[in-house]
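Report on the structure
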Amino acid sequence: MEVLIITGACGVGKSTIARAWAKRKNGAIIDCDYLTEWIYKADFPRWTAEEEKFVAEIALLLGQQYLKYDMPLAIENVWSPGGIQILEEGFQKLAQVRTIKVVWLRCALEENQRRDQLRKVENRMNERVAIVNQELQAYVWPDYVHCLNSDQLSVSQTLDVIEGLPAIKI
């Protein structure tokens, strides 16, 4: 089975691409926004490495269940290299997984902000778009993370590019 891990700034199109990929593959998507949105514990660390580790571990558990039913899996979140490493190492251990691809979906800041404004008002990140872009650009990414600029690409074209990317060797 195939696993696609997508990172990128808020509003760049991670959910759109993950949903379209999962549809194309007859698979499933884990939208990690829902995992953090459902946590109401007041003292739970927010926007920290601990939260990312927690969400990655839950995504791995959910992913194992989907993979049991032979469903290709797309997982999207604003991942750091640390979160991606947790997912990559966890999925490498599963016998059902044949390919893993990791994509950092990007677009120019102006385009990213334009796309953010197309979201429902309650989902807009506004100034956070620029902040997250800066954070992602500051990371040192593993070689297996493919940086994909989707400025001029349709959803279908983006999926075609992802399809042609090399997978992590398992």
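Details of the packing of helix H5 (residues 109–117) against helix H6 (residues 128–138)
Running from amino to carboxyl end, H5 crosses H6 at an angle of 135°, the nearest separation of the two axes being 10 Å. The orientation of H5 relative to H6 falls into the category oblique. For the pair H5 and H6, the crossing hand works out as right-handed. Contacts from Leu109, Asn112, Gln113 and Asp116 in H5 reach Val129, Ala130 and Asn133 in H6. Among the residues making up the contact of H5 with H6, the classes are represented as three nonpolar, three polar and one charged.

Observations regarding the environment of alanine 22
One can find alanine 22 in helix H1 (residues 14–25). The spatial distance from the C-alpha of alanine 22 to the C-alpha of valine 3 is 9.8 Å, given a sequence separation of 19 residues. Dropping the residues within four chain positions of it, alanine 22 is found in contact with Gly27, Ala28 and Ile29.

Concerning the pairing of strand E3 (residues 73–76)
The alternating pattern of E3 places Leu73 and Ile75 on one face and Ala74 and Glu76 on the opposite face, and all of these are buried. Pairing of strand E1 (residues 2–8) with E3, which is carried by four bridges, proceeds in the parallel orientation. Considered in E3, the bridge of valine 3 is made with leucine 73. By the bridge criterion, four bridges tie strand E2 (residues 28–31) to E3 in an arrangement that is parallel. Across the sheet, residue aspartate 31 finds its bridge partner in E3, namely glutamate 76.

Re the environment of isoleucine 5
On the secondary structure map, isoleucine 5 appears in strand E1. For the pair isoleucine 5 and lysine 101, spaced 96 residues apart in sequence, the C-alpha separation works out to 6.2 Å. Apart from the residues lying within four places of it in its own chain, the contact partners of isoleucine 5 are Ile75, Trp79, Ile84, Leu87, Glu88, Ile100, Lys101, Val102 and Val103.

Regarding the sheet that holds strand E4 (residues 99–106)
One open sheet holds the five strands; their spatial order is E2-E3-E1-E4-E5, and the pairing between them is parallel. Only two strands of the sheet have a single partner each, and these edge strands are E2 and strand E5 (145–149). Taking the axes of each pair of neighbouring strands and ignoring which way they run, one obtains an average angle of 25° across the sheet. The strands touched by H1 within the sheet are E1, E2, E3 and E4, with E1 carrying the most contacts at an inclination of about 170°.

Brief notes about the nonpolar core
Counting 30 residues, the largest nonpolar core has Ile5, Cys32, Ile75, Trp79, Leu87, Phe91 and Ile100 as its most contacted members. Taken together, the elements giving at least two residues each to this core come down to E1, E2, helix H2 (32–37), helix H3 (49–68), E3, helix H4 (81–92), E4 and H6. It is H3 that provides the largest number of residues to this core, a total of five residues. Those residues in contact with tryptophan 79, other than ones at most four positions away along the chain, are Ile5, Ile6, Thr7, Cys32, Glu52, Val55, Ala56, Ile84, Leu87, Leu136 and Trp141.

Quick look at the pattern of salt bridges
Charged atoms that come close allow side chains of opposite charge to pair. Counting across every chain of the model gives seven salt bridges. Among the ionic pairs, lysine 25 bridges to glutamate 163, the shortest N-O distance being 2.9 Å. With a gap of 138 residues between them, lysine 25 in helix H1 and glutamate 163 in helix H7 (residues 155–164) connect regions that are remote in the sequence. The exposure class assigned to lysine 25 is buried, which follows from its relative accessible area of 17%. A salt bridge links glutamate 57 to lysine 53; the nearest nitrogen and oxygen atoms lie 2.8 Å apart.

How each quantity is defined
- Within any chain, residue numbers begin from 1 and follow the written order of that chain's sequence.
- Since the coordinates come from a predicted model, pLDDT governs what is reported: local features require at least 70, and pairs of side-chain atoms require 80 or more to be given and counted, while whole-chain, interface and lining totals use all residues.
- Based on all heavy atoms of the structure, the side-chain values leave hydrogens and waters out of the count.
- Angles here are taken between N-to-C directions and fall from 0 to 180 degrees, while the axes themselves are lines fitted to C-alpha atoms, restricted in helices to the stretch in contact.
- We count a stretch as a helix when DSSP gives it H or I for four or more residues in a row; a strand needs E for two or more, and each element gets its number in order from the N terminus.
- When an angle is under 35 degrees it counts as roughly parallel; over 145 it counts as roughly antiparallel; between 65 and 115 it counts as roughly perpendicular; any other value is oblique.
- Crossings are assigned a handedness: left-handed for a near helix turned anticlockwise from the far helix by less than a right angle, right-handed for a clockwise turn.
- It only takes one pair of heavy atoms within 4.5 Å for two residues to be counted as in contact.
- Only Asp, Glu, Lys and Arg are considered charged, only Ala, Val, Leu, Ile, Met, Phe, Trp, Tyr, Cys and Pro nonpolar, and every remaining residue, Gly among them, polar.
- Burial status follows relative accessibility: with a 1.4 Å probe on protein chains alone, a residue under 20% of its type maximum counts as buried, one over 50% as exposed, and anything between as partly exposed.
- A pair of strands counts as paired when DSSP detects no fewer than two bridges linking them.
- We define a nonpolar core as any set of buried Ala, Val, Leu, Ile, Met, Phe, Trp, Tyr and Cys residues linked to one another through side-chain atoms lying within 4.5 Å.
- Any carboxyl oxygen of Asp or Glu that lies within 4 Å of a side-chain nitrogen of Lys or Arg is treated as forming a salt bridge with it.

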